[in-house]
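Residue strings, one per chain:
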Amino acid sequence: MRKTKNLIAAFCGASLLLASMSAGAAPKTLVFCSEGSPEGFNPAFYTAGTTFDASSRQLFDKLSSFKRGTTEIQPGLAEKWVVSPDGLEYTFHLRKGVKFHTTKTFTPTRDFNADDIIFTFMRQFDVNHPFHKVSSGKYEYFNSMSMPDLLKEIVKVDDYTVKFVLKRPEAPFIANLAMDFASVHSAEYADKMMKAGTPDKVDFEPVGTGPFQLVSYQKDSNIRYQAHPNYWAGKAAIDNLVFAITPDASVRYQKLKAGECHVMPYPNPADLEAMGKDPLVTLLKKEGLNVGYLAYNALVPPFDNVKVRKALNMSINKQAILDAVYQGAGKLAKNPIPPTIWSYNDAVVDDKYDPAAAKQALADAGVKDLKMKIWAMPVQRPYNPNAKRMAEMLQADFAAVGVTVEIVSYEWAEYLKRSKEKDRDGAVLLGWTGDNGDPDNFLAVLLGCDAVGNANRAQWCNQPFDDLIKKAKVVADPAERTKLYGQAQVVFKEQAPWATIAHSVVFQPVRKEVVDFRIDPFGGNVFYGVDLK
Amino acid sequence: MFGYFFKKLLVVVPTFFGVTLVAFVFIRTLPGDPVMLLAGERGMSDERHAQLMAEYGFDKPILVQYGIYLKQLAGGDFGTSIITRQPILQEFATLFPATVELSLCAMFIAVFFGLPAGMIAATKRGSIFDHSVMTGALTGYSMPIFWWGLLLIIMFSGILGWTPVSGRISMLYYFEPVTGFMLIDSLLSGQEGAFVSAMSHLVLPAIVLGTIPLAVIARQTRSAMLEVLSEDYVRTARAKGLGPQRVIGLHALRNALIPVITVIGLQVGVLFAGAILTETIFSWPGIGKWMVDSIFRRDYSAVQGGLLLIAAIVMFVNLAVDLLYGLINPQIRHTD
């Protein structure tokens, strides 16, 4: 505690940060023990949460945003928006008086306006845009959200109105624009850097409108931010934010205990009990926006037979997996979307654990002495803390119904590559963490016919299911969408392309002096709105 | 002496060339590719994958890629990181001082404690001290760095609160790096307490990284000293009535140092290997952790460039050690 106070008091000695101090008041510095270095500071280039924590979630704003700690959409840099009746035109009315950061290399001469929106999106959309290839940019999120196929044009109506014209209706479009890749950059800064012959500075010395601005970055060591004094939603409660990069989870906990940091992500599961009892620490927890599953290959016999898939699902003792693998930090999954997402169909009944019935069902399906492979991920992921252990438990469950399982694993990149092959031999353990809180982000991305041979690891293309999710994607009415997704979940359960295993619970320890830190359902760390006692 | 130096240099050139080939092939033999990792669970269409592979130039025949790489190297270009889009040389130069600082301190600890421990153990052969040193050395050599590091953190940072947990300096201090060496930069900053903070952050990682070299040096010094102490000239020196300090310090130690210096030179490679784990545990921003991250991310340019630069440094140190032999023992440069 004493160390923390000292840390806070002395950090204000840094001359760069003095500007943020109000006369006489002790500045508040929050130290976050982050798990790794960001790949860079332009979130449009990357897909990793570590990078988004360091960039988009502190430095930038988007047109729309997620209400802190929820998946609820709220206005961001756009005060409001209007969708045309045919769902093809989205007109955004921009917020006035929004200031960009002032840095060592850039002093903005104007407020945020429509030019910044045009610059941000056209850079990613238009391959001939002067900034498209700057910093060898690859816009993977923009591409994977099908934005190049979706967007027809982006029009500046006036300085504070922008219109996005789509080629087809897309109900989750507003949610997509709240994602990290849609972080808004300063067109004026880009112009200035281009004229100076250093266009890549836009990506490495970022200027945004976000609640914090970058002070310095020392790779693999620390990132320092200060509160944006003119933030449009009001200055952040903390004056300085420091990311102390600490890759090892046990060391992060030691630093938290020693008062060297206030918040840490990804605690070691083995430390959770001690954290819960630690008088200096509050252990926050929240159901994760994720699902861990076992995907059969519906294109390869006998897994093309729904009876076989259902029988295998009945043979899995999911509660035992939850206890042993998730150590209680999870919730049994029956649907392919987590209960925290709207349209979750709680009326769906899960396959009952019944090895005897499973054995009989396999015999009825004409399957005898089945031998199969189960692929176990070589890495720990938020939705599956120990895939190898899970595979061993599945192996034992399947053995009990007469199915012989061989467990295979590959190095992570190879695993991702091979697991999407259509003729893949065996069932794959994998999972997903949502990007934007929309059911489409799970159901279409992971189970749509268009995703077969790619993120649809079950290689399952079911026309009634696909029709339902495609219809839900173009319908604007939320009630109608909820109904359609609810029906899609029923079809999913009947067809059983996956064995849905669990939705993990996310834990985040913070020190007691931290006020109002909220776990982000998307797995991020947002510090605007957080205070220190 | 020049001929001796020239001969040694001749060996270095093909070795360096070999390293470029090994570094280039090594990262490409690993399964998976950086483009696939970029997409994660989300996946990527085959068309997009092929497009990105082509944009990075990974679709070209491997020999062509190697040729391009050598051409770039000849121009002093170590490439640009696929992930961070930063020049490799710049990333290396930013992180290298941290590893050097840590390695030098670790080596200082290893030599400062290892040499005397080995010498005393040899002169007091069979004593409790000798057995203690040898048992300690074996234990030190056998301890996994990761476990040892965590143990020290829990003991000295967690329970006793004597040392900081990790990092290079307290977050209290902020100054722009000048040399990249935190001890020097903290002094240059003029901020009160900065140097002490940097020193206190260095203690545990240096002990952890220096443990294995310390054990090796102590054992090597002991065995070299034992061998030398049984030589005729030592017996003669003693017979002539020279004091033990003069016999051990002048006659025995100088000759015993040759294999010890060889071992110290070889420990530079060990230090770089150990730095990978030490840097990860202590959040030390050096090249060890950078290399591991680059391998996991299949950042071809970073791995190639990093391996090459590290190999060049290890070769340089070994060359320096070889030259040092020549200085210590003129017989070597004449017979080699």
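Structural data are supplied above this passage.
Here goes a summary of the coordinates provided. Throughout, a residue's number is its position along its own chain's written sequence, starting from 1. Chain labels run from A onward and ligand labels from 1 onward, assigned in the order the entries are written. Thresholds applied to this predicted model are a pLDDT of at least 70 for local features of residues and 80 or more for the giving and counting of side-chain atom pairs; totals over whole chains, interfaces and linings are not thresholded and use all residues. Side-chain metrics in this entry use all non-hydrogen atoms of the structure; hydrogen atoms and water are not considered.

## Focus: the overall build of chain A
Quick reminder of the rule: Where helices and strands are cited, they refer to DSSP runs of H or I of at least four residues and of E of at least two residues respectively, numbered from the N terminus. For a compact globule the rule gives 2.2 Å times the number of residues to the power 0.38, and the radius of gyration it is set against comes from C-alpha atoms. Each residue is assigned to one of three classes by its accessible area relative to the maximum for its type, calculated with a 1.4 Å probe on protein chains only: buried under 20%, partly exposed between the two thresholds, exposed over 50%. Contacts are assigned to residue pairs with any non-hydrogen atoms lying within 4.5 Å of each other. Just so you know, the count uses Lys and Arg for positive and Asp and Glu for negative, and it drops His and the chain ends. The atoms used to mark charge sites are NZ of Lys, CZ of Arg, CG of Asp and CD of Glu.
A count of helical and extended segments in chain A gives 20 helices and 19 strands. Compactness check: chain A gives a C-alpha radius of gyration of 25 Å against a globular reference of 24 Å for 533 residues, within 12% of the reference. Dimensions along the principal axes, computed over C-alpha positions, put chain A at roughly 75 × 55 × 40 Å. Sorting the 533 residues of chain A into buried and exposed places 60% on the buried side. Expressed as a percentage of contacts within chain A between residues at least 6 apart in sequence, the contacts between residues at least 24 apart total 69%. Seen as two clouds, the 64 positive and the 61 negative side-chain charges of chain A have centres 3 Å apart.

## Considerations on the sheet that holds strand β5 (residues 89-94) of chain A
Residue and element names in this part refer to chain A. The criterion, for reference: Here, any two strands with at least 2 DSSP bridges between them count as paired. Note on geometry: axes are lines fitted to C-alpha atoms, helical ones only across the stretch in contact, with angles between N-to-C directions running from 0 to 180 degrees.
The strand order across the open sheet formed by 4 strands is β4-β5-β7-β6, and the pairing between neighbours is antiparallel. Every other strand in the sheet has two partners, leaving β4 (78-83) and β6 (151-158) as the edge strands with one partner each. This sheet shows a mean twist of 20° between the axes of neighbouring strands, independent of strand direction. Contacts from helix α5 (residues 114-125) reach β5, β6 and β7 (161-166), with the element oriented near 165° to β6.

## With respect to the interface of chain B and chain A
Quick reminder of the rule: Buried surface area refers to the total accessible area, computed with a probe of radius 1.4 Å, that the two partners give up upon joining, counted for both partners together. By definition, a salt bridge exists where a carboxyl oxygen of Asp or Glu is found within 4 Å of a side-chain nitrogen of Lys or Arg. Whenever two N or O atoms come within 3.5 Å, that pair is a polar contact, provided that in protein one can donate a hydrogen and the other can accept it, and provided that, for residues adjacent in sequence, both atoms are side-chain atoms.
Taken together, the 48 residues of chain B in the interface contact 60 residues of chain A. Carbon and sulfur atoms make up 57% of the surface buried where chain B meets chain A, a total of about 4600 Å² over both sides. Linking chain B to chain A there are 3 salt bridges. The partner of A:Asp220 in a salt bridge is B:Lys289, with the nearest N and O atoms 3.8 Å apart. Joining chain B to chain A, the criterion identifies 8 residue pairs in polar contact (both at pLDDT 80 or more).

## Section: the sheet that holds strand β10 (residues 240-244) of chain A
Residues and elements named next belong to chain A. Spatial ordering of the open sheet is given by β1-β10-β9-β8, a layout of 4 strands whose pairing is mixed. Two strands bound the open sheet, and with one partner strand each, they are β1 (29-32) and β8 (212-218). Between one strand axis and the next, the sheet turns by 20° as a mean value, whatever way the strands run. In this sheet, β10 lies alongside β1 in parallel orientation, the contact comprising 4 bridges. Each bridged residue has a counterpart across the sheet, and for phenylalanine 32 the counterpart in β10 is phenylalanine 243.

## Brief notes about the state of the cysteines
Residue and element names in this part refer to chain A. Stated formally: Put simply, a disulfide is two cysteine sulfurs that come within 2.5 Å.
Tallying each qualifying case throughout the model produces 2 disulfides over all chains. What pairs with cysteine 33 in a disulfide is cysteine 261, and their sulfur atoms sit 2.4 Å apart. Disulfide cysteine 33-cysteine 261: the torsion about the S-S bond is -105°, which places it as left-handed. Residue cysteine 33 is found in the loop between β1 and α3 (49-54), and its partner cysteine 261 is found in the loop between α11 (249-258) and α12 (272-277); the two are separated by 228 residues along the sequence.

## A few points about helix α5 (residues 88-123) of chain B
Heads up, the rule is: By this rule, a helix spans an expected 1.5 Å times one less than how many residues it contains. Given a residue, its bend is the angle between the two axes fitted to the seven residues that end at it and to the seven that start from it.
Given a rise of 1.5 Å per residue, 36 residues ought to cover 52 Å, and the 50 Å separating the end C-alpha atoms of α5(B) matches this to within 8%. The axis of α5(B) is deflected most strongly, by about 35°, at B:Leu95, and proline B:Pro97 appears within four residues downstream.

## What about the pairing of β7(A)?
Residue and element names in this part refer to chain A. Where burial is concerned, most of β7 is hidden: 5 out of the 6 residues are buried. In terms of strand pairing, β5 meets β7 through 5 bridges, oriented antiparallel. For glutamate 89, the partnering residue across the bridge sits in β7 and is valine 165. Inspection of the sheet shows β6 paired to β7 by 6 bridges, in the antiparallel sense. Residue pairing across strands places isoleucine 154 opposite phenylalanine 164, the latter belonging to β7. In textbook terms, the turn of a hairpin is the stretch between consecutive antiparallel strands, and for β6 and β7 this stretch comprises 2 residues.

## Some details on the side chain of A:His132
Residue and element names in this part refer to chain A. Considering the arrangement of structural elements, one finds histidine 132 in the loop between α5 and α6 (140-144). Of the polar contacts made by the side chain of histidine 132, one reaches the backbone oxygen of arginine 123; its length is 2.7 Å. Filtering out sequence-adjacent residues up to four positions away, histidine 132 remains in contact with Arg123, Gln124, Asp126, Val127, Gly137 and Tyr139.

## Points about the pattern of salt bridges
Within this structure, the stated rule accounts for 36 salt bridges over all chains. In this structure, the salt-bridge partner of B:Arg168 is B:Glu101, at a minimum N-O distance of 2.6 Å. Remark: B:Glu101 occurs in helix α5 and B:Arg168 occurs in the loop between α7 (145-159) and α8 (182-189); sequence separation between them is 67 residues. A residue is classified by how much of its surface remains accessible, and B:Arg168, at 10% relative accessible area, is buried. A relative accessible area of 5% means that B:Glu101 is categorised as buried. Between B:Arg222 and B:Asp130 there is a salt bridge; the shortest N-O distance is 2.6 Å. One end of the pair, B:Arg222, is in helix α9 (residues 194-229); the other, B:Asp130, is in helix α6 (residues 128-142), and 92 residues separate them in sequence. Via salt bridges that share partners, A:Arg168, A:Glu170, A:Asp440 and A:Lys473 belong to a single interconnected network.

## Points about the packing of aromatic side chains
Just so we agree on the cut-off: Side-chain rings of Phe, Tyr and Trp, where Trp is taken by its six-membered ring, are said to pair if the distance between their centres is within 6.5 Å; with planes under 30 degrees apart they count as stacked, over 60 as edge-to-face, and otherwise as tilted. Note on geometry: a ring has a charge over it if NZ (lysine) or CZ (arginine) is within 6 Å of the ring centre and within 35 degrees of the ring normal.
Going through the model one piece at a time under the given rule, you end up with 41 aromatic pairs over all chains. With centroids separated by 6.4 Å and ring planes inclined at 85°, the aromatic side chains of A:Trp460 and A:Phe492 adopt a geometry described as edge-to-face. Highlighted residues: A:Trp460 in the loop between α18 (440-447) and α19 (463-474) and A:Phe492 in helix α20 (residues 478-495), separated in sequence by 32 residues. Judged by relative accessible area, A:Trp460 falls into the buried class, the value being 3%. A connected cluster of aromatic rings, assembled from ring pairs, spans A:Trp81, A:Tyr90, A:Phe92, A:Phe121, A:Phe164 and A:Phe173. The aromatic ring of A:Tyr160 is capped on one face by A:Lys96, whose charged end is 5.3 Å from the ring centroid. A cation sits over an aromatic face here: B:Arg28 above B:Phe24, 3.9 Å from the ring centre.

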